[in-house]
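# Geometric and topological summary
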Amino acid sequence: MTGPLDGIRVLDVSTILAGPLVAQILGDFGADVVKIEHPTKPDGMRGHGLDKDGHPLWWTMVSRNKRGLTLNLGNPDGAEVFKRLVADVDVVVENFRPGTFERWGLGYDVLSAINPGLILLRVTGFGQTGPYSTRPAFGTLVESMSGFAHLTGEADGPPTLPAFGLADSLAGIAGSSAVSMALLHRHKTGRGQEIDLDLLSPIMTAVGPGVIYADQLGIDQERTGNRSTNNAPRNLYRTKDGHWLAISTSANSIAERVLRLVGHPEVLDEPWFATGRQRAAHADLLDDYVGGWIGERTRDEVIAAFEDAGAAVAPVCKPSELLDDPQVTAIEMVTNVDDEDLGPVRMQNVMWRMGESPGSIRHTGRAHGADTDEILAESGYSAEEIARLREVGAVSSAE
């Protein structure tokens, strides 16, 4: 057994990040995932990020545990192959614009008639219905719309977008949860279902209570930089040797320990010190106390002192520092995987550790269409039939 989803079969016909991440997570926990790409237009994710000797590194990670098949779903013969594959799978992940699957004759009504237990996860920017449903959308747009950009950045600066695929990543994690729930529902009822996942909903949830604040109080939260309106001291502070450290005092007991540590126990008796929100109104004073103390010490000295005091602190880490971080190493948040082109590579491990049915990384991302013949043969296609599919442009050979 390779994980709790051992025996579950998934067709990943999505592109770029959110949908492929859903399928990656399912594959990490044992599902047999087939990554379907157009014969002549591979997933654009292959061109995202840096490469080494022509091998895309992000693809190596996000397409791990997936076998590769080329298939032109817009080709009638390709659509028929897809239907044949659907008969024996549990989950399909797609992220085409609404109506595209239907135009190809692959709507859920058609697919569920073939396989009543099928779960179809549909990932779009704004959902399958509504006035924005047909708009092209990327994570950047929903990071802007969600309230994230509005809340991010210095108070007197512009709204700030993340430097990575935040909205897509949140949607990918949410999508894996949605599929798991649908699999449980099917276990109870025998019925599959269609899941409508938009990129906006998960990041709106992650941004927090802004919507209910606007509804009930008529206010919009504003940017506060690295400070918080909910607790103080909470900021980034620079050490004597030029490093940055993050401190948060969401719990009152932690705030008390920090102020004692930096030599200002007198503020604990102030009435305003009793709650995080009241402390946040005095952030200038508290930041002066904490920042001044940290600025006179090295990073290692500050971390050691905070640990001794039972207070919370963490360094601002570069990815290169995570590779050898003691905690990351101890619980294997980063793991070694053999790649047929690159040799041993280190990447993020599966995201949670299960005692009875742990996940695993069995291989890295595959070449375009690497397993086409094998997958089609598993579905009963003969060598002659596969050759004919190539002739009509429904599939291509492996690169």
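The structure this text deals with has already been given above.
Residues numbered from 1 in each chain as written. Predicted model: local features only at pLDDT ≥ 70, side-chain atom pairs only at ≥ 80, totals over all residues. Heavy atoms only, no water.

This part is about the packing of helix 8 (residues 166-189) against helix 9 (residues 200-207). With their axes 8 Å apart at the nearest point, helix 8 and helix 9 run at an angle of 100° to one another. Put simply, helix 8 runs roughly perpendicular to helix 9. Touching Leu166, Ala167, Leu170, Ala171 and Ala174 of helix 8 are Pro202, Ile203 and Ala206, all from helix 9. Tallied by class, residues from the contact of helix 8 with helix 9 come to eight nonpolar, no polar and no charged. (Axes fitted to C-alpha atoms, helices over the stretch in contact; angles between N-to-C directions. Helix = DSSP H or I, 4+ residues; strand = E, 2+ residues; numbered from the N terminus. Parallel < 35°, antiparallel > 145°, perpendicular 65-115°, else oblique. Contact = heavy atoms within 4.5 Å. Nonpolar A, V, L, I, M, F, W, Y, C, P; charged D, E, K, R; others polar.)

It is worth spelling out the nonpolar core at this point. Formed by 38 residues in total, the largest nonpolar core has its most connected members in Val10, Val91, Leu121 and Val179. Elements represented by at least two residues in this core include exactly helix 1 (18-28), strand 6 (91-94), strand 7 (119-124), helix 8, strand 8 (193-198), helix 9 and strand 13 (343-348). Setting aside residues up to four positions removed in sequence, valine 91 forms contacts with Ile8, Arg9, Val10, Leu11, Leu118, Ile119, Val179 and Leu183. (Core = buried A, V, L, I, M, F, W, Y, C linked by side-chain atoms within 4.5 Å. Buried < 20%, exposed > 50% of the residue type's maximum accessible area, 1.4 Å probe, protein only.)

Moving on, we come to the pattern of salt bridges. In the structure shown here, the tally under the stated rule is 25 salt bridges. Where lysine 35 meets aspartate 43, a salt bridge forms, and the shortest distance between an N and an O atom there is 2.9 Å. Of the residues examined, aspartate 43 reaches a relative accessible area of 5% and is grouped as buried. Between glutamate 102 and arginine 122 there is a salt bridge; the shortest N-O distance is 2.8 Å. (Salt bridge = Lys/Arg side-chain N within 4 Å of Asp/Glu carboxyl O.)

This part is about unusual backbone geometry. Between alanine 232 and proline 233 the backbone carries a cis peptide bond, its omega angle lying at 0°. Relative to the helices and strands, proline 233 resides in the loop between helix 10 (210-217) and strand 9 (235-238). Not every positive phi belongs to a glycine, and aspartate 53 is a case in point at roughly 55°. Along the chain, aspartate 53 turns up in the loop between strand 3 (51-52) and strand 4 (55-56). Residue asparagine 65 is not a glycine yet carries a positive backbone phi of 60°.

The next thing to look at is the sheet that holds strand 9. Each strand in a sheet pairs with another by means of backbone hydrogen bonds, the pair being arranged parallel or else antiparallel. Across the sheet, three strands lie side by side as 9-10-11; this open sheet has antiparallel pairing. Lying at the two open borders of the sheet, with one neighbouring strand each, are strand 9 and strand 11 (314-315). Sheet strands touched by helix 13 (residues 283-295): strand 9 and strand 10 (244-247). Its angle to strand 9, the strand with the most contacts, is close to 35°. Contacting strand 10 and strand 11, helix 14 (residues 299-309) runs over the sheet at an angle of about 20° to strand 10. (Pairing = 2+ DSSP bridges.)

A few words on the packing of helix 11 (residues 252-261) against helix 14. Orientation of helix 11 relative to helix 14, taken along the N-to-C sense of each, is 125°, at an axis distance of 10 Å. Classified by the angle between their axes, helix 11 and helix 14 sit oblique to one another. Taken as a pair, helix 11 and helix 14 cross one another with a handedness that is right-handed. Here helix 11 contributes Arg257, Val258 and Leu261 to the contact with helix 14, which in turn contributes Ala305, Phe306 and Ala309. For the contact of helix 11 with helix 14, the residue count by class is five nonpolar, no polar and one charged. (Left-handed = near helix turned anticlockwise from the far one by under 90°.)

Attention now goes to the sheet that holds strand 7. Taken together, the six strands give an open sheet; going across it, the order is 5-2-1-6-7-8, and neighbouring strands pair in parallel fashion. Edge strands, defined here as strands with exactly one partner in the open sheet, are strand 5 (66-70) and strand 8. Shown here is a sheet whose adjacent strand axes are inclined to one another by a mean of 20°, direction ignored. Across the sheet, helix 3 (residues 76-86) lies against strand 1 (9-12), strand 2 (32-37), strand 5 and strand 6, angled at about 155° from strand 1, the strand it touches most.

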